[in-house]
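Okay, here's what each chain looks like letter by letter:
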Amino acid sequence: MEIVVRAAVVWLFLWVITRAVGRATLGELSTFQLILFVTMGDMVQQGVTQQDYSVTGALLAVSTFAVITVAVSYANQRWRPLLPITHGVPIIVVRNGQPDLKALNGERMSVNDLFAAAREQGIRRIADVELAVLEANGKVSFFTESDDGSSGAPDPPEAG
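About the cut-offs
Residues numbered from 1 in each chain as written. Predicted model: local features only at pLDDT ≥ 70, side-chain atom pairs only at ≥ 80, totals over all residues. Heavy atoms only, no water. Core = buried A, V, L, I, M, F, W, Y, C linked by side-chain atoms within 4.5 Å. Buried < 20%, exposed > 50% of the residue type's maximum accessible area, 1.4 Å probe, protein only. Contact = heavy atoms within 4.5 Å. Salt bridge = Lys/Arg side-chain N within 4 Å of Asp/Glu carboxyl O. Helix = DSSP H or I, 4+ residues; strand = E, 2+ residues; numbered from the N terminus. Pairing = 2+ DSSP bridges. Axes fitted to C-alpha atoms, helices over the stretch in contact; angles between N-to-C directions. Patch = residues over 30% accessible without salt bridge, like charges linked within 9 Å, V, L, I, M, F, W, Y side chains within 5 Å. Areas by Shrake-Rupley, 256 points an atom, 1.4 Å probe, with all protein chains shown as cover. Arc of directions from axis to C-beta.

Participant: Before we move on, could you go through the nonpolar core and cite the residues and values that matter?
Facilitator: Val93, Val94, Leu114, Val129, Ala132, Val140 and Phe142 are the most contacted members of the largest nonpolar core, which totals 15 residues. Excluding residues within four positions of it along the chain, Val93 makes contact with Gln98, Pro99, Asp100, Ala103, Leu104, Leu114, Ala132, Val133, Leu134 and Val140.

In structure tokens form, the structure reads like this:
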């Protein structure tokens, strides 16, 4: 039972650490984040199992992580107010062509990272962006004005 409690505590600790490190998807991890995440597993293994090298100890630790992860997913579906806590909320980082430096700093995202994300979407100038949103998964969604002056969003369906 001690391994289960240790695994639960470590799961919570790792969740807090990954939330604190920032919003990056696996393909966008910095070198430091990658090293941190790869080595975290090995660093916490001894703390979870207390040098218990048995298969039972390993299965208990992994099973505890899996059960907590599934429980959090279930809780997110059942109680929507948990989503901002467990997954975060989208943050507006550009409004009317102007980067929101306070929001970028709060998310530890540099202006250069924002410009790179815009270029990946084929956007040449941030001034062309009506709205950019840093999504909870770490991706940036850009909304620009189209050439005819309308927003890039689809037209709402007509009533009637």
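Participant: Got a sec to walk through the pattern of salt bridges? Specific residues and values, please.
Facilitator: Summed over all chains, the structure comprises two salt bridges. The partner of Arg6 in a salt bridge is Glu2, with the nearest N and O atoms 3.1 Å apart. Within this pair, Arg6 and its partner Glu2 are both found in helix 1 (residues 2-21), separated by four residues, close to a single helical turn. Given a relative accessible area of 47%, Glu2 falls into the partly exposed group. Its salt-bridge partner being Asp128, residue Arg125 comes within 3.0 Å of it at the nearest N-O pair. Among the residues examined, Asp128 registers a relative accessible area of 34% and is labelled partly exposed.

Participant: Provide a residue-level description of the sheet that holds strand 3 (residues 129-134), including the pertinent values.
Facilitator: The antiparallel open sheet is built from four strands, whose spatial order is 2-1-3-4. Two strands close off the open sheet at either side, each with one partner strand: strand 2 (98-99) and strand 4 (140-144). The sheet contact formed by strand 3 and strand 4 spans five bridges and is antiparallel. Paired with Leu134 across the bridge in strand 4 is Val140. Helix-sheet contacts for helix 6 (residues 111-120) involve strand 1 (91-95), strand 2 and strand 4, and the interaxial angle to strand 4 is about 65°.

Participant: How would you summarise a nonpolar patch on the surface if you had to cite specific residues and measurements?
Facilitator: Residues Met1, Val5 and Val9 make up a contiguous nonpolar surface patch of roughly 340 Å² in combined accessible area. As for its placement among the helices and strands, Val9 is situated in helix 1.

Participant: If you had to explain unusual backbone geometry to someone new, which residues and values would you point to?
Facilitator: Even without being glycine, Asn96 reaches a positive phi, approximately 55°. Residue Asn96 is classed as exposed on the basis of its relative accessible area of 61%.

Participant: I'd like a description of helix 6, backed by residues and values.
Facilitator: Listing the buried residues of helix 6 in full gives Leu114, Ala117 and Ala118. Buried positions in helix 6, seen along its axis, are confined to an arc of 100° and lie on one side of it. Along helix 6, exposed side chains directed more than 90 degrees from the buried face belong to Asn112, Arg119 and Glu120. As for helix 6, its buried residues are in contact with strand 1, strand 2, helix 5 (101-106) and strand 4. Just downstream of helix 6, Gly122 is the residue with a positive phi angle, here 85°.

Participant: Got a sec to walk through the pairing of strand 1? Specific residues and values, please.
Facilitator: Of the pairings in the sheet, the one linking strand 1 to strand 3 comprises four bridges and is antiparallel in character. Across the sheet, the residue bridging to Ile91 is Leu134, located in strand 3. Relative to strand 2, strand 1 runs antiparallel, the two sharing two bridges. Looking at strand 2, one finds that Val94 is bridged to Pro99. Taking the residues that link successive antiparallel strands as the turn, the strand 1-strand 2 hairpin has two residues, and the phi of Asn96 there is positive, at about 55°.

Participant: Give a description of the environment of Ile126 that names residues and reports values.
Facilitator: Position of Ile126 among the secondary structure elements: in the loop between helix 6 and strand 3. Expressed as a C-alpha distance, the spacing of Ile126 and Thr144, which sit 18 residues apart in the sequence, is 9.3 Å. Each residue touching Ile126, except ones within four places of it in the same chain, is listed here: Val94, Gly97, Pro99, Leu114, Phe115 and Ala118.

On their own, these measurements won't tell you what the molecule is for.
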